[in-house]
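Residues per chain, in single letters:
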Amino acid sequence: MKKSNKLIIIGVSLIFVSLLLILMIFNRATNTIEKNATLDMIDCNSSKVNVFVFWGDGCPHCKKEFEYLEKISKRYSSYFDVYGFETWFNEDNSKMMNKFRELIKDDASGIPYTIVGDKVFHGFANEMQDELLNTIIEEYKSKDKTNYCEEIKKEFTTNNKTE
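Residues numbered from 1 in each chain as written. Predicted model: local features only at pLDDT ≥ 70, side-chain atom pairs only at ≥ 80, totals over all residues. Heavy atoms only, no water.

Inspection of every chain in the model, using the stated rule, returns five salt bridges. Between Lys 95 and Glu 91 there is a salt bridge, with the nearest N and O atoms lying 3.6 Å from each other. Placement of the pair is Lys 95 and Glu 91 together in helix 3 (residues 91-104), with a separation of four residues, close to one helical turn. Take Glu 91: its relative accessible area is 56%, and that puts it in the exposed class. Taken together, the shared-partner salt bridges connect Lys 99, Glu 102 and Glu 155 into one network. (Salt bridge = Lys/Arg side-chain N within 4 Å of Asp/Glu carboxyl O. Helix = DSSP H or I, 4+ residues; strand = E, 2+ residues; numbered from the N terminus. Buried < 20%, exposed > 50% of the residue type's maximum accessible area, 1.4 Å probe, protein only.)

With that settled, consider the nonpolar core. If you look at the biggest cluster of nonpolar residues, it comprises 44 residues, and the most contacted ones within it are Phe 52, Phe 54, Leu 69, Phe 80, Phe 100 and Ile 136. Taken together, the elements giving at least two residues each to this core come down to strand 2 (49-55), helix 2 (60-76), strand 3 (80-86), helix 3, strand 4 (113-116), strand 5 (119-122), helix 4 (129-141) and helix 5 (149-162). Residue contacts for Leu 69: discarding those within four places in its chain leaves Ile 33, Val 53, Phe 80, Val 82, Leu 132 and Ile 136. (Core = buried A, V, L, I, M, F, W, Y, C linked by side-chain atoms within 4.5 Å. Contact = heavy atoms within 4.5 Å.)

Pairing is mixed across the open sheet formed by five strands, whose spatial order is 1-3-2-4-5. Strand pairing shows two members of the sheet lacking a second neighbour, strand 1 (33-34) and strand 5, which therefore form its edges. As paired strands, strand 2 and strand 3 are joined by seven bridges and run parallel to one another. Directly across from Trp 55, in strand 3, lies its bridge partner Glu 86. Packed on one face of the sheet, helix 2 meets strand 1, strand 2, strand 3 and strand 4 and runs near 165° to strand 3. Across the sheet, helix 3 lies against strand 2, strand 3, strand 4 and strand 5, angled at about 125° from strand 2, the strand it touches most. (Pairing = 2+ DSSP bridges. Axes fitted to C-alpha atoms, helices over the stretch in contact; angles between N-to-C directions.)

Written as structure tokens, this is what we have:
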């Protein structure tokens with residue numbers, strides 16, 4: 001085989017491998033499901049929908065919801081990011097959940113407590129899957145996205161600095 005043919009094959013192979021790596025990195029970057037999120041992880045100005053899930057360690061319904069969100073993220077990763085906050089053993093996260101409830105004017109209790117835009121989902125069951133996905137898609141397509149993110153970040157960053 002000529003030296004020039006070997007160089008062409010090596011060059012094409014390097015380009016192919018580079019493109020695969022770029023695709024893998026891009027795919028990972030567009031698929032955020034953070035079960036133990038912190039406020040500084042959240043991009044309040046994202047074009048994607050921020051889905052907030054308040055959950056409890058050991059809660060079977062919470063586990064099922066995260067499994068479902070993982071499943072739909074394979075197809076809809078460019079539509080949403082998930083930020084989870086454990087509330088049973090984390091008092092700050094519990095306070096944050098209550099602040100969301102106050103902003104949304106919702107007095108229900110229990111977990112999982114999921115917020116998509118200004119829509120709240122109490123608990124999780126298989127029957128809720130279509131409604132949750134449709135709400136994410138509708139919020140993603142909406143020109144007027146509801147986003148409590150900045151307000152929550154401001155409230156909890158200010159409170160944590162003064163305490």
